[in-house]
Amino acid sequence: MQSTNGTGHASLRPAGALVAAAALLLAMVGARSYPGGWNDASRLATVESLVDYQTWAIDRSVFAPLTSDKMFIGGRFYSDKSPVPALAMAGGYKLLQSFTGLTAREQPAVFCYAMTLATSGLAYVAAAWCLFQLAIALRLSRGDALLLAASLSLATIALPYTRHVNNHILLLGVVAALVLSLERLAQQIRSDGDAHGPLWPRLIWCGTLAGAGYTIDLGVGPVLLLATVGLVAYRCRSLASMAAFVVAAVPWLALHHVLNYAIGGTWTPASAAPQHFVWPGSPFNPSNMTGGWNHESLPRGMLYAVAMLLGKRGLVTHSLPLLLALPGFVLLWRRRSRHWPELLFATGLFGGTWLLYAAASNNYSGLCCSIRWFVPLLAPGYYVLAVLLAEHPRLRPDFLVLSAAGGLIGGLMWWHGPWHARTGAWLWPLVAAALAGWWWAAAKRRRVAIGPEISCPAAVAAKI
């Protein structure tokens, strides 16, 4: 167990730097210099248009012909992606352009690579580093903290989403930072709050992250905001504390809705308005758009919901360590872990997002690896795993087996990239091997647990 004093923290800095450096190297190697599909081409078109043509309309962008993820409003085409991340990316592009003279039209490969690394790559680094710090905050050993960070980085759907620009891994970085900050907030409150410094800086940071998360994805974002409000209200139980959180979050919400209204003329998500997708060749219509119930019946909807987690495109079948989180939460709840408010937050965020998309979609998030909407849910899922390993270290072999098999799947997904929807013949054999290995690890643990009683008659006699 790592020390929590200053010396202990200093001794962990090289390990934290190693996690960040390894993740950055993976991001640099994997980042592509071209759009991989409609999704990232749509975002890149907005960034180019904002800086080079001073408009949200993407008609003149070099990437516009490469995407059908666009809305037709007032005779012009606009990206159907959330505007605030594009505005932030445009700021980065403008800064790069001011130093190098780079333009997306003249050097599209350099532009694509730079934007991918600056968004998806850095978000991946942030997620890995935050999980390492979270594990240390939960008093796991340095080795277990490195194991958790490696598992998230290599054995889940996070890895393939580093290869192209997308909001999903960007939100993973934000949610991972928020989960870490909420855990530290809880620890500070349990340690008499202001005796270890004022709470308001951390509350402002939590509000900033929750508000920023809301702007990135209007499916995950509202669930994230509500879950965070509930946890902060329970932990702080103070109007002043809630005020600090709200003051930090509200500007982000206002910015999103003002930009959304300026582009689409509606306060609700512009990308959920069917009239914006009425244009020749549009692949979208009310029957396949996300945002409403499109299932034939309730049983079909329930089957779709299960398949989103455990089917051939499922999050859990493509991120095998999460298999341990499902029974792990039940175990932690039954043992009344002191982290139960944060565990409830994690489960509410995970379950709420899953149910929302299960009810409001029917296309498994389109042409992509697994379910792209669920990439941010890796953060709450791994929070449960971190607490589980901290309180039940005997489950480490189970986690190792699932992470090893998940690493093989992660490598194959990385090779194909995020916009590859077809599941290879390799998936189910690897899942079956992981389940067999998990069963073996559990059986071995049970044999070890009862071994001393069998081999030691004195112990048996003492119990009698």
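The rules we used
All residue numbers here refer to positions counted from 1 along the written sequence of the relevant chain. It should be noted that, the model being predicted, local features are given only for residues of pLDDT at least 70 and side-chain atom pairs only at 80 or more, the latter also being counted only at that level, while totals for whole chains, interfaces and linings use all residues. The basis for every side-chain value is the complete set of heavy atoms in the structure, and neither hydrogens nor water enter the calculation. Exposure above 30% relative accessible area and the lack of any salt bridge qualify a residue for a patch; like charges then connect within 9 Å, and the nonpolar side chains Val, Leu, Ile, Met, Phe, Trp and Tyr within 5 Å. Accessible surface area values rest on a Shrake-Rupley calculation with a 1.4 Å probe, where residue burial reflects the displayed protein chains alone. The term salt bridge refers to a pairing of a side-chain nitrogen on Lys or Arg with a carboxyl oxygen on Asp or Glu at a separation within 4 Å. In this description a helix means any DSSP run of H or I spanning at least four residues, a strand means any run of E spanning at least two, and both kinds are numbered starting from the N terminus. Relative accessibility decides the category of a residue: with a 1.4 Å probe and only protein chains considered, values under 20% of the type maximum give buried, values over 50% give exposed, and everything between is partly exposed. For the purposes of this section, nonpolar cores are sets of buried Ala, Val, Leu, Ile, Met, Phe, Trp, Tyr and Cys residues that join through side-chain atoms within 4.5 Å. Note on contacts: a residue pair qualifies if any of its non-hydrogen atoms lie within 4.5 Å across the two residues. Given the number of residues in a helix, its expected span is that number minus one, multiplied by 1.5 Å. In this scheme Phe, Tyr and Trp rings, the latter by its six-membered ring, pair at centre separations within 6.5 Å, and the angle between planes marks the pair as stacked below 30 degrees, edge-to-face above 60, and tilted otherwise. Distance and angle both matter: a charge sits over a ring if NZ of Lys or CZ of Arg is within 6 Å of the ring centre and within 35 degrees of the ring normal. Within 3.5 Å is the distance limit for a polar contact, defined as a pair of N or O atoms, with the added protein rule that one can donate a hydrogen and the other accept it, and that residues adjacent in sequence qualify only through two side-chain atoms.

Further remarks concern a nonpolar patch on the surface. Where nonpolar side chains cluster on the molecular surface, the patch consists of Y234, W333, W340 and L344 and spans about 360 Å² of accessible area. The topology assignment puts Y234 in helix 8 (residues 220–236). Under the relative-accessibility criterion, Y234 is labelled partly exposed at 33%.

Now for the nonpolar core. L148, L315 and F374 are the most contacted members of the largest nonpolar core, which has 107 residues in total. When residues of this core are assigned to their parent elements, the largest contribution, 12 residues, is made by helix 6 (residues 167–190). If near-sequence neighbours (up to four positions away) are discounted, L148 is found in contact with L131, A135, L140, Y382, L385, A386, L389 and F399. A45, V51, F63 and F111 belong to the second largest nonpolar core, which has 16 residues in total.

Right, let's talk about helix 14 (residues 378–391) for a bit. For helix 14, which comprises 14 residues, the first-to-last C-alpha distance of 20 Å matches the rise-based estimate of 20 Å (1.5 Å per residue) to within 8%. Taking burial as the measure, the 14 residues of helix 14 include 12 buried ones, the bulk of the element. Taken as a whole, helix 14 has its buried residues at L378, A379, P380, G381, Y382, Y383, V384, L385, A386, V387, L388 and L389.

What follows is about the pattern of salt bridges. This model, assessed by the stated rule, comprises 7 salt bridges. Between K81 and D69 there is a salt bridge; the shortest N-O distance is 3.1 Å. With K81 in the loop between strand 2 (76–79) and helix 3 (83–100) and D69 in the loop between helix 2 (38–53) and strand 1 (70–73), this residue pair connects regions lying 12 residues apart in the sequence. Each of the two residues, K81 as well as D69, counts as buried. One salt bridge in this structure joins R396 and D144, with 2.8 Å as the shortest N-O distance. One end of the pair, R396, is in helix 15 (residues 396–416); the other, D144, is in helix 5 (residues 142–154), with 252 residues separating them in the sequence. For R396, a relative accessible area of 30% translates into the label partly exposed.

Moving on to the packing of aromatic side chains. Counted according to the given criterion, the structure contains 14 aromatic pairs. Geometrically, the ring pair formed by F77 and W279 is edge-to-face, given 5.3 Å between the ring centres and 85° between the ring planes. Separated by 202 residues along the polypeptide, F77 in strand 2 and W279 in the loop between helix 9 (239–264) and helix 10 (298–310) bring together distant segments of the chain. Grouping aromatic residues by their ring pairs yields a cluster made of Y234, F329, W333 and W340. Of note, K70 hangs over the ring of W279, and the distance from its end group to the ring centre comes to 5.4 Å. Directly above the aromatic system of W414 lies the positively charged group of R163, at a separation of 4.1 Å from the ring centroid.

In this fold, S120 is placed in helix 4 (residues 108–137). A relative accessible area of 0% means that S120 is categorised as buried. Only 3.4 Å separates the side chain of S120 from the side chain of N166, close enough to count as a polar contact. Apart from the residues within four sequence positions on either side, S120 is in contact with Y161, T162, H164, V165, N166 and I169.

Turning our eyes to something else, we now look at helix 3. Taking 1.5 Å of rise per residue, the 18 residues of helix 3 would be expected to cover 26 Å, and the 25 Å separating its terminal C-alpha atoms lies within 8% of that figure. Within the sequence span of helix 3, burial applies to P83, V84, P85, A86, M89, A90, Y93 and Q97. In this structure, the buried residues of helix 3 make contact with helix 2, helix 4, helix 6, helix 7 (200–216) and helix 9. Following helix 3 by one or two positions, G101 has its phi on the positive side, about 80°.

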